[in-house]
Amino acid sequence: MLITGASAGIGSALAPVYAMHGWDLVLTARRRDALQDRADFLRDIYQATVTVIPEDLADPAAPRRLFEAVQAKGLTVDGLVNNAGFSRTAGFLDTDPEAHAAMIRVMLTAPVELARLFAPGMVERGYGRILNVASLAGRMPATGGDTLYGPIKSFLIKASQGLHLELRGTGVHVTALCPGYTLTEFHDANGTRAEVSAAYPGWMWQTADHVARVGYEACEANRPSVTPGIVNNLLAGLAKHLPDRLALAMVGGHAKRLKRI
Ligand SMILES: NC(=O)c1ccc[n+]([C@@H]2O[C@H](COP(=O)([O-])OP(=O)(O)OC[C@H]3O[C@@H](n4cnc5c(N)ncnc54)[C@H](OP(=O)(O)O)[C@@H]3O)[C@@H](O)[C@H]2O)c1
């Protein structure tokens with residue numbers, strides 16, 4: 001199982017879930033030390049075979065380099081978790097265009113390219129798992145402030161569902177995982193920890209371990225997508241049935257409260 005963004009958060013939590021089900025692991029992210037620490041833990045506790053390949057997925061050449069590195073090590077990849085991600089909330093005009101490009105590469109282009117590189121082998125062998133970590137944001141109306149994040153995740157959900165349909169009957173399962181607010185480094189990395197902690201009560205937050213288990217089980221069951229938690233499903237259901245103008249007013253008010261617009 002190749003897991004991107006395995007140095008922290010949901011990716012780091014998915015690694016032991018797959019290890020305890022007997023998978024060998026390839027872990028990737030930018031921080032080599034954090035990956036090595038995670039690999040040591042997985043070897044100690046689960047006797048897993050773990051390979052660490054640091055990569056920056058914002059580099060357009062990274063997906064192919066990763067594919068070639070895995071091949072060069074003689075490893076067969078039967079599973080892919082596209083999980084690496086981050087957001088920028090300063091607003092469209094105040095965000096460095098390079099940061100926008102990196103968001104698109106890490107969360108949209110890289111997952112597509114990695115799936116395109118690894119899925120043919122899975123189909124050929126008649127077995128595979130692809131779990132794409134999207135977000136509840138991809139099921140919600142557009143928001144201001146982190147303007148590109150929701151659309152990128154919507155893309156990933158739709159692309160996963162399309163691939164799920166296409167690969168039905170091949171033995172390759174494809175699932176989009178759409179977590180709501182999850183306790184990880186995500187909101188530290190984008191500098192919004194204080195404001196989101198003040199805005200959202202504890203019961204709205206899920207642990208990365210819980211989200212990881214839900215994602216694993218949904219992919220094993222070959223569900224096209226899964227959203228962990230009743231509240232998150234209620235929110236997404238409500239958003240789907242509201243008229244666009246009302247839905248936008250709702251999320252616009254929310255973005256204002258968070259001082260993002
Ligand atoms: N936390 C939430 O509330 C939440 C909710 C819904 C969806 N999600 C999604 O869940 C996924 C995982 O996020 P998380 O919450 O676990 O956040 P996190 O704790 O910040 O972990 C993000 C992971 O992505 C990696 N990453 C970031 N930029 C990268 C790059 N340029 N190249 C390679 N790896 C990179 C990070 O590793 P390095 O820094 O070592 O590179 C880290 O391992 C993301 O796709 C996120 O959009 C999160």
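Residues numbered from 1 in each chain as written. Predicted model: local features only at pLDDT ≥ 70, side-chain atom pairs only at ≥ 80, totals over all residues. Heavy atoms only, no water.

Trainee: Any chance you could break down the overall build of the chain for me, citing the residues and the numbers?
Mentor: Within the chain one finds 10 helices and nine strands. Computed over the C-alpha atoms, the radius of gyration of the chain is 18 Å, within 12% of the 18 Å expected from 2.2 N^0.38 for a compact globule of 261 residues. Judged by the C-alpha coordinates and their principal axes, the chain covers about 50 × 40 × 35 Å. Across the chain, contacts joining residues at least 24 apart in sequence account for 70% of those joining residues at least 6 apart. Split by element, the accessible area of the chain, about 12400 Å² in all, is 55% carbon and sulfur. Both charge centroids of the chain, one from 26 positive and one from 24 negative side chains, sit 7 Å from each other. (Helix = DSSP H or I, 4+ residues; strand = E, 2+ residues; numbered from the N terminus. Rg over C-alpha atoms; globule rule 2.2 N^0.38 Å. Contact = heavy atoms within 4.5 Å. Areas by Shrake-Rupley, 256 points an atom, 1.4 Å probe, with all protein chains shown as cover. Lys, Arg positive; Asp, Glu negative; His and termini not counted. Charge placed at Lys NZ, Arg CZ, Asp CG, Glu CD.)

Trainee: I'd love a proper account of the site of the ligand, names of residues and values included.
Mentor: Taken together, 31 residues lie near the ligand, and Ser7, Arg30, Asn83, Tyr149 and Thr184 sit nearest. Lys153 is positioned such that a nitrogen or oxygen atom in its side chain is 2.9 Å from an oxygen atom of the ligand. With the chains in place, 96% of the 880 Å² that the ligand exposes on its own is no longer accessible. Within the residue set of the shell around the ligand, elements represented by two or more residues are helix H1 (9-20), helix H5 (149-166) and helix H6 (186-189). Residue composition of the shell around the ligand, by class: 15 nonpolar, 10 polar and six charged. (Near = heavy atom within 4 Å. Polar contact = N/O pair within 3.5 Å; in protein donor to acceptor, adjacent residues only side chain to side chain. Nonpolar A, V, L, I, M, F, W, Y, C, P; charged D, E, K, R; others polar.)

Trainee: A description of the packing of aromatic side chains should follow, citing residues and the corresponding values.
Mentor: Applying the stated criterion to the full structure yields eight aromatic pairs. Judged by centre distance (5.7 Å) and plane angle (90 degrees), the ring pair of Tyr18 and Trp23 falls under edge-to-face. We classify Tyr18 as buried; its relative accessible area is 0%. Exposure remark for Trp23: the relative accessible area of 12% places this residue in the buried category. An angle of 75 degrees between the planes, with centres 5.0 Å apart, marks the rings of Tyr18 and Tyr216 as edge-to-face. (Phe/Tyr/Trp six-rings, centres within 6.5 Å; stacked < 30°, edge-to-face > 60°. Buried < 20%, exposed > 50% of the residue type's maximum accessible area, 1.4 Å probe, protein only.)

Trainee: Tell me about helix H2 (residues 32-46), residues and numbers included.
Mentor: With 15 residues, H2 should cover 21 Å at 1.5 Å per step; its first-to-last C-alpha distance of 21 Å lies within 8% of that length. The inward-facing, buried residues of H2 abut H1, strand S2 (25-28) and strand S3 (50-52). In the segment just after H2, Gln47 is the residue with positive phi, at about 50 degrees. (Expected span 1.5 Å × (residues − 1).)

Trainee: Can you break down the sheet that holds S2 residue by residue, with the values?
Mentor: With parallel pairing, seven strands are arranged side by side in an open sheet as S3-S2-S1-S4-S5-S6-S9. Two strands bound the open sheet, and with one partner strand each, they are S3 and strand S9 (225-226). As judged from the two bridges shared by strand S6 (residues 172-177) and S9, these two strands associate in the parallel manner. Bridging from a neighbouring strand, Leu177 pairs with Val226 of S9. Across the face of the sheet, helix H4 (residues 97-125) comes into contact with strand S1 (2-4), strand S4 (79-82), strand S5 (128-133) and S6 while running at roughly 170 degrees to S4. (Pairing = 2+ DSSP bridges. Axes fitted to C-alpha atoms, helices over the stretch in contact; angles between N-to-C directions.)

Trainee: How would you summarise the environment of Asp146 if you had to cite specific residues and measurements?
Mentor: Relative to the helices and strands, Asp146 is located in the loop between S5 and H5. Sequence spacing of Asp146 and Ala48 is 98 residues, and the spatial spacing of their C-alpha atoms is 38 Å. Setting aside residues up to four positions removed in sequence, Asp146 forms contacts with Arg88, Thr89 and Arg260.

Trainee: So, the pairing of S5: which residues are in play, and what are the values?
Mentor: Among the six residues in S5, six count as buried, and that is most of the element. Across the two faces of S5 the burial is the same, with Gly128, Ile130 and Asn132 and Arg129, Leu131 and Val133 all buried. Of the strand pairs in this sheet, S4 and S5 are connected by four bridges, and their pairing is parallel. Note that in S5 the partner of Gly79 across the bridge is Arg129. In this fold, the crossover linking S4 to S5 by way of H4 has right-handed handedness. Both S5 and S6 contribute to a ladder of six bridges, which runs parallel. Following the sheet pairing, Leu131 is matched in S6 by Thr175. (Right-handed = clockwise from strand over helix to strand, strands pointing away.)

Trainee: Tell me about the environment of Asn82, and please be specific about residues and values.
Mentor: As for its position among the elements, Asn82 is in strand S4. As a C-alpha pair, Asn82 and Arg193 span 111 residues in sequence and 24 Å in three-dimensional space. Setting aside anything within four residues of it in sequence, one finds Asn82 in contact with Thr4, Ala110, Pro111, Leu114, Leu131, Asn132 and Val133. Polar contacts involving the side chain of Asn82 include one to the main-chain carbonyl oxygen of Pro111, which spans 3.3 Å.

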